[in-house]
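Tertiary structure, described
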Amino acid sequence: MNEWPEQPEGARPMRHVQRRPQGQQSPQYRQGYEQGQAYDQGQGYDQGQGQGYDQGQGYNPNFTQARATGYDSGYSSGQVYGGPQGGGHGSGGPGGPSGPGTRPTGPAPDWRKRIKIGSIVLVVGVLAWGVGTYAWASSQMRNEVDLSKVIERPAEGDCTTYLIVGSDSREGMTAEDKKKLHTGSAEGKRTDSMMILAACSSGNTMVSLPRDSWVTIPNFVGSESGKAYPARGGSKLNAAYAMDGPELLVRTVEFNTGLRIDHYAEIGFAGFANIVDALGGVELNIDKGFKDKKSGADFQAGKQTLNGEQALAFVRTRYAFAESDLARTKNQQKFLSALANQAATPGTILNPFALYPTLGAGLDTLIVDKDMSLWDLGQMFFAMKGISGGDGKSMNMPIAGSAPQGSLKWDMPKVKQLVEQIKNDEKVTVESNR
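Looking at the overall build of the protein
Within the protein one finds twelve helices and 21 strands. Taking all 434 residues of the protein together, the buried fraction comes to 43%. For the protein, restricting intrachain contacts to residue pairs at least 6 apart in sequence, the fraction spanning at least 24 positions comes to 65%. If you sum the accessible surface of the protein, you get close to 23900 Å²; carbon and sulfur atoms cover 52% of it.

Some words on the side chain of Asp-212
Relative to the helices and strands, Asp-212 is located in the loop between strand E8 (204–208) and strand E9 (214–217). Those residues in contact with Asp-212 that lie beyond four places of it in its chain are Lys-236, Arg-318, Asp-325, Gly-406, Ser-407 and Leu-408.

Comments concerning unusual backbone geometry
Negative phi characterises most residues that are not glycine, and trans characterises most peptide bonds. Backbone geometry places Gln-405, a non-glycine residue, at a positive phi of 60°. By the secondary structure assignment, Gln-405 is in the loop between strand E20 (399–403) and strand E21 (407–410).

Digging into the pattern of salt bridges
The full count for this structure, using the stated rule, is ten salt bridges. We note a salt bridge from Asp-325 to Arg-328, for which the minimum N-O separation is 2.8 Å. With Asp-325 and Arg-328 both in helix H8 (residues 325–343) and three residues apart, this pair spans about one turn of that helix. For Asp-325, a relative accessible area of 4% translates into the label buried. Assessed through its relative accessible area of 2%, Arg-328 is described here as buried. As a salt-bridge pair, Glu-431 and Lys-393 come within 3.0 Å of each other at their nearest N and O atoms. Note that Glu-431 is positioned in the segment after helix H12 (412–423) and Lys-393 in strand E19 (residues 392–396), a separation of 38 residues in sequence. Judged by its relative accessible area of 47%, Glu-431 is partly exposed. Overall, the relative accessible area of 17% leaves Lys-393 in the buried class.

What counts, and at which threshold
- Residues numbered from 1 in each chain as written.
- Predicted model: local features only at pLDDT ≥ 70, side-chain atom pairs only at ≥ 80, totals over all residues.
- Heavy atoms only, no water.
- Helix = DSSP H or I, 4+ residues; strand = E, 2+ residues; numbered from the N terminus.
- Buried < 20%, exposed > 50% of the residue type's maximum accessible area, 1.4 Å probe, protein only.
- Contact = heavy atoms within 4.5 Å.
- Areas by Shrake-Rupley, 256 points an atom, 1.4 Å probe, with all protein chains shown as cover.
- Salt bridge = Lys/Arg side-chain N within 4 Å of Asp/Glu carboxyl O.

What follows is the structure, given as structure tokens:
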């Protein structure tokens, strides 16, 4: 029994196609095929839906059978032209002009343009990140010291000068922190270290001021009370800080040296240790091992990485040395230079995972003057880094001998020469006696 459906009325009869050996088709047939002009039974011309002709193989009976009965034997003598996944080609074959049912190819991508746009986007992103970080860090700075309250100040010099102070402040420390860092529980604040950093075009100079220096505390106006106080001769330098804080300390240093201090920076015990830990420790070469029960120091000679607790012990130790405070100031200079050398590197500055913890640890406890910007703070660190790299000099204030109460007397002729060289941005040639 014939199960084929009757031909619908008005449908076009299928033209007979004479199969020729492959490669010998007539030009008319080839042209008709390549332009997609195939007809199916009852549907006429079908654009890319599965024509009844395959590529170069002639009529495909499976297509007609599937249309009429819904059954497809799965056999095909060739790839069906024009199907959505058939991979058909245009009139020029692969790589030729597009034909019906094919997607036109666009121009080749302009990689130069893409790279240029990508570079611009990257630069804009980095700038936005930098500006945002600068704004955030600036907002975290503690600009608390008002140097405008300092009276009778010396004239400005050619170099930028910083008074860097390490205090024994225990602000923010728990009882456990105090025990761990061997700080004790004394109330108030005292200066544990003081140094002048002169950033000059002729070379940077770091001068440590022993806290037991025998100086005159000049007349001053109280930073809080506004009351005038007379001068006091024969006092230790650290007494000025204890009497009226940073403003009087700056006033005393300026009065006894004749050098104007442009900026002030102070950090306490906790902040110092936190910065070191945020950096992952600081590498230091210790020339000779030493121990000290009071500071908790216990070091072997050689290169090693100090964590926050060890670093604080290193810079505070004085009783383990015959030179006491003078030896300690040398260790403080050495460590601060190493700290700055590690902090002011691309690996820290350009790495958010290192930069933000370091800034957060330092800015929370770093107290600076009201005119000091984040840029000035960065310049201070780079100046210290330059000294550790050999671009500058570190020294103690020249000492002439001992004074009452176990204090140290400055060698004033050398001090005057040192100050003049810094003021005039000249290479420092003065040597400390110890």
